[in-house]
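# Secondary and tertiary structure notes
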Amino acid sequence: MSAGMEPFTSAAEQGGMKAKTDSSLVTFETIDDIYVVTPRVQNMRDANICLSIREKVIDFSRTHRLEKVLIDLSQVRFMSSVGVRVLATLLREVCEVQGRIVACGLHGELRGVLFVCSLISDDIHQPGPIEVAASRDDGLACLRSL
């Protein structure tokens, strides 16, 4: 695990169905068999910050099978191409195990960036590689339905 990350504790150690790994830039949480990834930055445009988040995602994916992932983007207001690369990395890790990824908490401009990059779709009959949920609870429900 990378420096600065606390060890990932099991649900049993947490006394329930949740476990959480925290860093100053990104949080990884398990709820049942769903991994919730939450970037904790307002702007994903600084190359060093995005590279650090990307490395943490890769480290986490090496120790966990990311079949069901909810990415909570509620704290992110803007994302440049280096931020999109973080999502592409997460998407690649999920696709390697034929998993599913849902994003929630998308703000207007961020939604537009992800749409232009073809990561999300406005067509409910033909979703993009990353599905979109209106809220965190809706995203969890969507992933639980598998």
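This text goes with the structure placed above it.
The following paragraphs examine the structure supplied in this document. (Residues numbered from 1 in each chain as written. Predicted model: local features only at pLDDT ≥ 70, side-chain atom pairs only at ≥ 80, totals over all residues. Heavy atoms only, no water.)

## Here we look at the overall build of the protein chain
A count of helices and strands for the protein chain gives five helices and eight strands. For the protein chain, the α and β elements follow one another from N to C terminus as α-β-β-β-β-α-β-β-α-β-α-β-α. Out of the 146 residues belonging to the protein chain, those deemed buried represent 45%. Considering only contacts within the protein chain whose residues lie at least 6 apart along the sequence, 66% involve residues at least 24 apart. Counting every atom, the protein chain has about 7500 Å² of accessible surface; 50% of that belongs to carbon and sulfur. (Helix = DSSP H or I, 4+ residues; strand = E, 2+ residues; numbered from the N terminus. Buried < 20%, exposed > 50% of the residue type's maximum accessible area, 1.4 Å probe, protein only. Contact = heavy atoms within 4.5 Å. Areas by Shrake-Rupley, 256 points an atom, 1.4 Å probe, with all protein chains shown as cover.)

## Details of the pattern of salt bridges
Applying the stated criterion across every chain yields a total of eight salt bridges. Across the salt bridge formed by Asp32 and Arg144, the nearest N and O atoms sit 3.2 Å from each other. With Asp32 in the loop between strand 2 (26–31) and strand 3 (34–39) and Arg144 in helix 5 (residues 136–144), this pair connects stretches of sequence that are 112 residues apart. The partly exposed category is assigned to Asp32, whose relative accessible area is 37%. Here Glu67 makes a salt bridge to Arg65, at a shortest N to O gap of 2.9 Å. Assessed through its relative accessible area of 36%, Glu67 is described here as partly exposed. Each of Glu29, Asp72 and Arg136 takes part in one network of salt bridges that share partners. (Salt bridge = Lys/Arg side-chain N within 4 Å of Asp/Glu carboxyl O.)

## Observations concerning the nonpolar core
Nonpolar side chains tend to gather and get buried jointly when the protein is soluble and globular. Formed by 32 residues in total, the largest nonpolar core has its most connected members in Leu73, Met79, Leu90 and Leu114. Contributions of two or more residues to this core are made by strand 2, strand 3, helix 2 (47–63), strand 5 (68–72), helix 3 (81–96), strand 7 (100–104) and helix 4 (108–116). Residue contributions to this core peak at six residues, all from helix 3. Apart from residues lying up to four places away in sequence, Leu73 is in contact with Pro39, Met79, Ala103, Cys104, Gly105, Leu106, His107, Leu110 and Leu114. Counting nine residues, the second-largest nonpolar core is a separate cluster that includes Ile31, Val36, Leu140 and Leu143. (Core = buried A, V, L, I, M, F, W, Y, C linked by side-chain atoms within 4.5 Å.)

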